[in-house]
Amino acid sequence: MVSLTQPSAAQHNENHKDSKRAMIKPPLARWQLKLNTSLDVRDVLTTFFNGITTQVPCASLRYHNPVKKITLELGAAKLHSAKYGLKASGYDLGEIVFTRSDQFSESDLQQLEDGLSAVFYPLRNALLYKEALDSSLRDPLTELANRAAFELAVKRELGMAKRHNQLLSMIVIDVDHFKAVNDSAGHHAGDMLLKHIAQTLKSTLRETDQVFRFGGEEFVILLANANLKAAELVAERARDAVEKSAINTNKNAIGATVSMGISAFSAEDGRDSLFERADEALYLAKSTGRNCIRTEWDLLNTSITTNSKAGI
Ligand SMILES: Nc1nc2c(ncn2[C@@H]2O[C@H](COP(=O)(O)OP(=O)(O)OP(=O)(O)O)[C@@H](O)[C@H]2O)c(=O)[nH]1
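Identification of the chain as diguanylate cyclase from Marinagarivorans cellulosilyticus is taken from an unreviewed UniProt entry. Per UniProt, the chain has the following entry under Cofactor (unreviewed entry): "Mg(2+)". In UniProt, the chain has this text filed under Catalytic activity (unreviewed entry): "2 GTP = 3',3'-c-di-GMP + 2 diphosphate".

S.K.: Would you take a moment to explain the overall build of the chain for this structure?
M.R.: When helices and strands are counted, the chain shows nine helices and 12 strands. Within the chain, the fraction of its 312 residues that count as buried is 44%. Within the chain, counting contacts between residues at least 6 apart in sequence, those at least 24 apart form 67% of the total.

S.K.: Help me understand the sheet that holds strand S7 (residues 210-215) in this model?
M.R.: The strands making up a sheet associate through backbone hydrogen bonding, with each pair oriented either parallel or antiparallel. Ordered by their spatial adjacency, five strands build an open sheet running S7-S8-S6-S11-S12, and the pairing between neighbours is mixed. Edge positions in the sheet fall to S7 and strand S12 (293-295), since each has one partner strand and no second. Ignoring strand direction, the axes of neighbouring strands in this sheet form an average angle of 20 degrees. Contacting strand S6 (168-175), S7, strand S8 (218-224) and strand S11 (258-264), helix H6 (residues 187-203) crosses the sheet at an angle of about 10 degrees to S8. Sheet strands in contact with helix H8 (residues 271-287) are S6, S7, S8, S11 and S12, and its direction is about 145 degrees off that of S11.

S.K.: Would you mind showing me how to read a nonpolar patch on the surface here?
M.R.: On the surface, Leu39, Tyr129 and Leu133 cluster together into a nonpolar patch covering about 280 Å² of accessible area. Structurally, the position occupied by Leu39 is in the loop between helix H1 (30-34) and helix H2 (41-55).

Thresholds applied
- Residues numbered from 1 in each chain as written.
- Predicted model: local features only at pLDDT ≥ 70, side-chain atom pairs only at ≥ 80, totals over all residues.
- Heavy atoms only, no water.
- UniProt positions renumbered as here; feature names shortened; annotations may be inferred.
- Helix = DSSP H or I, 4+ residues; strand = E, 2+ residues; numbered from the N terminus.
- Buried < 20%, exposed > 50% of the residue type's maximum accessible area, 1.4 Å probe, protein only.
- Contact = heavy atoms within 4.5 Å.
- Pairing = 2+ DSSP bridges.
- Axes fitted to C-alpha atoms, helices over the stretch in contact; angles between N-to-C directions.
- Patch = residues over 30% accessible without salt bridge, like charges linked within 9 Å, V, L, I, M, F, W, Y side chains within 5 Å.
- Areas by Shrake-Rupley, 256 points an atom, 1.4 Å probe, with all protein chains shown as cover.
- Salt bridge = Lys/Arg side-chain N within 4 Å of Asp/Glu carboxyl O.

Rendered as structure tokens:
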């Protein structure tokens, strides 16, 4: 049984509950049938919004789910609103607010409620699917996006960079002498340190920068709209933060340093060439002292033969 709560029923009065409901349900409208054809939250809500506005004219729909951190706005908000909390059998799906210029009548509100009953399960399924998708793209130890997420992101970012002639930089990061941490402090401490490094890296980045656990003790950062110089500044901030931080175990504090290699997108680049140059620069950083940053420019000035370290 779906229950719709109205946390701040802008104008909805409880009396409508007394109004007689039709005993025989009308056949489902075409848009209601379509609700089950997508598992994308925005698609489901867009289908719902387009459908419900054919029955109850609305200027906008705002969906807010604080638990899943989703806020969607369809249309442009107007003065009058009707707000519903979506809850059923243990599921709290957040809230939906409809707005328009003139007040909603009792019969409008009734139709909105009927429509919300139809969208509840399609929306729940889309949220569950998103959750499953998100978890398959997240590394459980560090909670960073994982390698599969990296492959999707790099494809998307390269496409954007090519289409719109935008800048894109890649930073490949490897923890220095990490094997020694495992060997001396144990795997559990190693895991805690990796988790800590992941969070330290993330904390030095902007919301729009993307950091991934590429594998083992390797991370990758993708910086949209950043050239090599800008990426170097970001990398130096992250390197410095890792060097200065440590975790406390029962016995002592354990710290680490990281080495980094950077490449910047150019028109002829694909995923592999961009990654290879960053990876070669990382190898150069490893072979010239560690705890430092090298860029693809540095590769031009060195005669060191590079072997791919992080691999593809
Ligand atoms: N605890 C822990 N260790 C990991 C994990 N993934 C990879 N490792 C370890 O990371 C270590 C990487 O060692 P190496 O590739 O030899 O490199 P390194 O010791 O960091 O040395 P350099 O990269 O040359 O500075 C190995 O001992 C792996 O077992 C993990 O999830 N947890």
